[in-house]
Amino acid sequence: MSVEQLSRAGTGFIEQMEKASRRYTARAAERDGHREALERHGILHADTRERVNSRLSRLGVDWAMATAVERTPGTATTGTSLDLDREFVSTDLLTLERFMGRNDLIGIDYLEGGFLAARSVARITVRGSGSTLHGTGFLVSPSLLMTNNHVLGSAEEASAGIVEFDFQAAAHGRPLVPVVFQLEPQRFFLTDRELDFTVVAVSARSRDGQPLASFGTLPLKEAQGKAVIGELVNIIQHPNGEPKQLALRDNQIVDVLDDHLHYAADTAHGSSGAPVLNDQWEVVALHHSGVPRRDRDGNVLAVDGSIWRPAMGEHRVDWKANEGVRVSRILALIQQFPLSGAAATLRAELIAAGSSPHAVEVPPPPVLTGRTNGSAPQDTTPDHGGEQHAAPESVRWTVPLHISVSLDAEALRHGTAVPDAAAAPAATTSTYPGAPAATGYVDGQSPAERDLAAALVNLAASRTRPYYDQAADLAAREAYYAGIPVGDPAALRLALTQRLEATHDRRPAYKPMRLLYPWVDLHPDEKLHGIYSDNTFAPEELMAADAAVEAARIGRWQEFMLLEGAPGPDAVEAELDLLEASLPFNCEHVVPQSWFAKKEPMRGDLHHLFACESTCNSFRGNIPYFDFPDFDEAVRHSCGRREAGRFEPSAGKGPVARATLYFLLRYPGRIGDEARELQRDGLRMLLDWHRDHPADLYEQHRNAAIAEMQGNRNPLIDHPEWAERIDFAGAWP
């Protein structure tokens, strides 16, 4: 940062420096232990075994091979003392030696990788009244840039900022012409003071028309194993706003904390907002502060030995160690921010950039206007003070997919682009229930691309059909319930359970993008409404967002299987739970998946699936419904109220009650067998919600559409008067 920035915003920087100093001082004993382990046993033994194994897996080396190299440091790269495959010795062992910090020979491709990584790093400049402020930032997706909160602390600061790429010297020593882009916080702005990061959107074109895409990305990867204690890291930076510089393998990781890394250097310092990279040029941390040397009185020292003052600038501090924020912790927090609409899609693009091995940019879909409850479009992205910023009237988004769609005119004319829900491909060809789709490409398209293409075809077909044919549905309803006895509550429940199961003859796997969004869950306004918030979305919007999430899930699953080899059932289950939590679809299971172990046909049963922005989906989690007496006093981002293992939605109480009651009839004994699920004493609440919020045209359309797709119907929509006659209590365990 510049002198001017420290004069104005120095409080944030000094606060981070003081916190870093306290963390560093508190870890002295652990750091000494790491240093002793490095000196006595080597880099394989300084960090935890789990982290070292993860690192070795990413390098393609197992523990036995690594320990063999560790025992023969003088000859490991020659192959003379190890009985190893010659090609492996000449490549992977040299990589391992470099990783261990014991070999100065580096393949020439290392320089090319560094050059490409440096392309994504830019100088941030914010000009205010009488001051010019500088910092470092880097692209983490095709649209978003990351820096520190103490560099860009608010959307207002970012709106006055620009980023300059190529602010550096060329090979001949002469300066390049910087390429200047405007920051666009109105499209996307997330910040957190505690972890000291900010993510902000950047204009797609520079002031002179050059594309942002030409500068690549340094994606954020949540996977473990990017660096361990003892490893050397690199920092690409604009110190003090100067031309781009590189601290090359001059920082050694000396400690790993829950949220931070500490790395020490002999000479080089870091610059606020710079990426900290391993030898494979993966981002392992966001540099944000350092640990300064102090005199006996506790004063921070400058590099010349004098007492440092903020006006001197960050680069004049005599640093003894540096601190960065761990990428995995930043990603975890980014995924928790309540976002919707275009901002949520940009977040999904960021996650996909770090999760999928293939990230291909596509032209944006047609301009869409997102409205909430008929009001002007709103972007719910909060700034650091919790304020809301209005979004542009029209929004565009890009997902990391390439889509080419061919429409069948005859199919569209008859509204049968996917003739039968059962004909749609299953959600996964994996042997693990709930695992992401297979990663194979067909005709150049990934599974996520094919799903999005099919969803768009189905959406086009739906727009040629009447929304609800009441006469036809009444006739279908009469035929469906013929012979059902209504006199005895227990007999009525048993008869309905048998009818629902017998007619559930088409059981599509869980595919909300293809089956729910294009037709089933459309409202009369041809929009999707969040079930808990009633926020509205164009169908294409949630389709694109879920396609990006699906691509990210596939990439994460592929990486997990590659690293784990043959994982056990517990490891698989844990990974699937992590994928579900960190990369949720914009779809809600009214009866949470964990209550029925994610098994089919419950998982894909459309009667209890509803469009729901991922924010509200994650907010509710798997918490049972509850009716708070003072509900109106606490609502979060219009999703509802959650506390002490209970959740009440802001909207959708009637539909979710009827969907839950349907589930009780269709799958008796599945709800309430554990204390954390909806218990029998919640029945009265469901019946009250059903009575107070009767089914409307939307639910009648849903019921008819689902009956057409999977064969069975929801009796609570067709015969609401049966709710008090059915022995629902008998459906609990």
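Coordinates for the structure precede this section.
This structure is a prediction, so every number in the text was calculated from the model and none was measured.

The rules behind these values
- Residues numbered from 1 in each chain as written.
- Predicted model: local features only at pLDDT ≥ 70, side-chain atom pairs only at ≥ 80, totals over all residues.
- Heavy atoms only, no water.
- Helix = DSSP H or I, 4+ residues; strand = E, 2+ residues; numbered from the N terminus.
- Buried < 20%, exposed > 50% of the residue type's maximum accessible area, 1.4 Å probe, protein only.
- Contact = heavy atoms within 4.5 Å.
- Areas by Shrake-Rupley, 256 points an atom, 1.4 Å probe, with all protein chains shown as cover.
- Axes fitted to C-alpha atoms, helices over the stretch in contact; angles between N-to-C directions.
- Parallel < 35°, antiparallel > 145°, perpendicular 65-115°, else oblique.
- Left-handed = near helix turned anticlockwise from the far one by under 90°.
- Nonpolar A, V, L, I, M, F, W, Y, C, P; charged D, E, K, R; others polar.
- Salt bridge = Lys/Arg side-chain N within 4 Å of Asp/Glu carboxyl O.
- Phe/Tyr/Trp six-rings, centres within 6.5 Å; stacked < 30°, edge-to-face > 60°.
- Lys NZ or Arg CZ within 6 Å of the ring centre and 35° of its normal.
- Polar contact = N/O pair within 3.5 Å; in protein donor to acceptor, adjacent residues only side chain to side chain.
- Disulfide = S-S within 2.5 Å.
- Core = buried A, V, L, I, M, F, W, Y, C linked by side-chain atoms within 4.5 Å.
- Arc of directions from axis to C-beta.

Chemist: It is not clear to me how the overall build of the protein should be interpreted in this structure. Could you clarify?
Modeler: Scanning the protein for helices and strands turns up 21 helices and 21 strands. Relative to its 733 residues, the protein shows a buried fraction of 56%. For the protein, restricting intrachain contacts to residue pairs at least 6 apart in sequence, the fraction spanning at least 24 positions comes to 70%. With an accessible surface of roughly 29,700 Å², the protein has 52% of that area assigned to carbon and sulfur atoms.

Chemist: How should I be thinking about the packing of helix H14 (residues 512–520) against helix H20 (residues 697–710) in this particular structure?
Modeler: Helix-helix packing is described using two parameters, namely the angle between the two axes and the distance between the axes. H20 packs onto H14 with a crossing angle of 140° between their chain directions and a minimal axis gap of 11 Å. With respect to each other, H14 and H20 are oriented oblique. By crossing handedness, the relation of H14 to H20 is classed as right-handed. Mapping the contact onto sequence places Leu515, Leu516, Trp519 and Val520 in H14 and His701, Arg702, Ala705, Ile706, Glu708 and Met709 in H20. Its residues assigned to classes, the contact of H14 with H20 shows 7 nonpolar, 1 polar and 2 charged.

Chemist: It is not clear to me how the pattern of salt bridges should be interpreted in this structure. Could you clarify?
Modeler: When charged atoms on two side chains of opposite charge get close, those side chains can pair. Taken as a whole, this structure holds 38 salt bridges when the rule is applied. Note that Lys19 and Glu15 form a salt bridge whose closest N and O atoms lie 3.2 Å from each other. Highlighted residues: Lys19 and Glu15, both in helix H1 (residues 3–26), separated by 4 residues, approximately one helical turn. Judged by its relative accessible area of 22%, Glu15 is partly exposed. Residue Lys511 is joined to Glu550 by a salt bridge in which the shortest nitrogen-to-oxygen separation is 3.3 Å. Placement of the pair is Lys511 in the loop between helix H13 (489–503) and H14 and Glu550 in helix H15 (residues 539–564), with a sequence separation of 39 residues. We note that Lys511, like Glu550, is buried.

Chemist: Help me understand the packing of aromatic side chains, please; the structure alone is not making it clear to me.
Modeler: The relation between two aromatic rings is expressed through the spacing of the ring centres and the mutual angle of the planes. In this structure the tally under the stated criterion is 15 aromatic pairs. Here Tyr532 and Tyr625 contribute two aromatic rings whose centre-to-centre distance is 6.3 Å and whose plane-to-plane angle is 75°, an arrangement assigned as edge-to-face. Linking Tyr532 in the loop between strand S16 (528–529) and strand S17 (536–537) with Tyr625 in the loop between helix H17 (614–620) and strand S20 (640–643), this pair joins segments that are 93 residues apart in sequence. Members of the aromatic cluster, each reached through a chain of ring pairs, are Tyr532, Phe619, Tyr625, Phe647 and Trp689. Arg123 extends its terminal NZ or CZ atom over the ring of Phe167, reaching a point 3.9 Å from the ring centre. The lysine or arginine in question, Arg553, covers the ring of Phe585, its NZ or CZ lying 4.1 Å from the ring centre.

Chemist: What is the right way to read the side chain of Arg702 from this model?
Modeler: With respect to the secondary-structure elements, Arg702 resides in helix H20. You can call Arg702 buried: its relative accessible area is 4%. Within the structure, Arg702 has its side chain in polar contact with the backbone oxygen of His607 (distance 3.3 Å). If near-sequence neighbours (up to four positions away) are discounted, Arg702 is found in contact with Leu516, Val520, Asp521, Leu606, His607, His608, Leu609 and Phe610.

Chemist: Would you take a moment to explain the state of the cysteines for this structure?
Modeler: One covalent bond between the sulfur atoms of two cysteine residues makes up a disulfide. Overall, the coordinates contain 1 disulfide when judged by the stated rule. Across a sulfur-sulfur distance of 2.1 Å, Cys616 and Cys639 are joined as a disulfide pair. Its torsion about the S-S bond being -80°, the disulfide of Cys616 and Cys639 is classed as left-handed. Pair noted here: Cys616 is in helix H17 and Cys639 is in the loop between H17 and S20, with a separation of 23 residues, a long-range link. With respect to burial, Cys616 and Cys639 carry one shared label: buried. You can see Cys587 has no disulfide; the closest cysteine sulfur is in Cys612, sitting 8.2 Å from it. Residue classification places Cys587 among the buried residues on the basis of a relative accessible area of 3%. Here Cys612 stays free of any disulfide, with the sulfur of Cys616 as its closest cysteine sulfur at 5.1 Å.

Chemist: When you look at the nonpolar core in this model, what are you seeing that I'm missing?
Modeler: Side chains of nonpolar character tend, in soluble globular proteins, to be buried together. Core analysis: the biggest nonpolar cluster contains 69 residues, and Phe138, Met146, Phe188, Phe197, Leu220 and Tyr517 have the highest contact counts within it. The greatest single-element share of this core, amounting to 8 residues, is contributed by H15. With residues near it in sequence (within four places) discarded, Phe138 still touches Ser120, Val121, Leu144, Leu145, Met146, Leu218, Leu220, Gly273, Ala274, Pro275, Val283 and Leu286. One finds Ala659, Tyr667, Met685 and Tyr698 within the second-largest nonpolar core, a separate group that totals 46 residues.

Chemist: Sorry, what's going on with helix H12 (residues 470–480) here?
Modeler: For an α-helix, the turn length of 3.6 residues means that residues three or four places apart are oriented alike. Listing the buried residues of H12 in full gives Asp473, Arg477 and Tyr480. Viewed along the axis of H12, the buried residues span an arc of 65°, placing them on a single side of the element. Across from the buried face of H12, at angles greater than 90 degrees, the exposed residues are Ala471, Glu478 and Ala479.

Chemist: How should I be thinking about the packing of H13 against helix H18 (residues 653–666) in this particular structure?
Modeler: Across the interface, H13 lies against H18 with an axial gap of 8 Å and an inter-helix angle of 90°. Considering the angle they form, H13 stands roughly perpendicular to H18. Note on element contacts: H18 touches H13 through Tyr662, Leu665 and Arg666, opposite Arg493, Leu496, Thr497, Leu500 and Glu501. Of the residues contributing to the contact of H13 with H18, the split by class is 4 nonpolar, 1 polar and 3 charged.

Chemist: Which parts of the structure should I look at to understand the side chain of Arg51?
Modeler: Within the secondary structure, Arg51 is located in helix H3 (residues 49–59). Only 3.0 Å separates the side chain of Arg51 from the side chain of Asp47, close enough to count as a polar contact. When neighbours within four sequence positions are excluded, Arg51 is seen to be in contact with Gln224, Gly225, Ala227, Val228, Val256 and Arg326.

Chemist: In this structure, what is going on with the environment of Pro733? I would like to understand it.
Modeler: Tracing the sequence through the fold places Pro733 in the segment after helix H21 (715–718). Spatially, the C-alpha atoms of Pro733 and Ile671 are 7.4 Å apart, while their sequence positions differ by 62 residues. Setting aside anything within four residues of it in sequence, one finds Pro733 in contact with Gly669, Ile671, Gly672, Asp673 and Arg680.

Chemist: How do you make sense of the environment of Cys639 when you look at a structure like this?
Modeler: On the basis of relative accessible area, Cys639 is assigned to the buried category, the value being 1%. Residues within four places of Cys639 in sequence aside, it is in contact with Tyr532, Thr615, Cys616, Phe619, Phe647, Glu648, Pro649 and Ser650.

Chemist: I would appreciate a short explanation of H3 in the present structure.
Modeler: Looking only at H3, the buried set comprises Arg51, Val52, Arg55, Leu56 and Leu59. All buried residues of H3 project into a common sector of 135° when viewed along the axis, lining one side. Once H3 finishes, Gly60 follows within two positions and takes phi at roughly 75°, a positive value.

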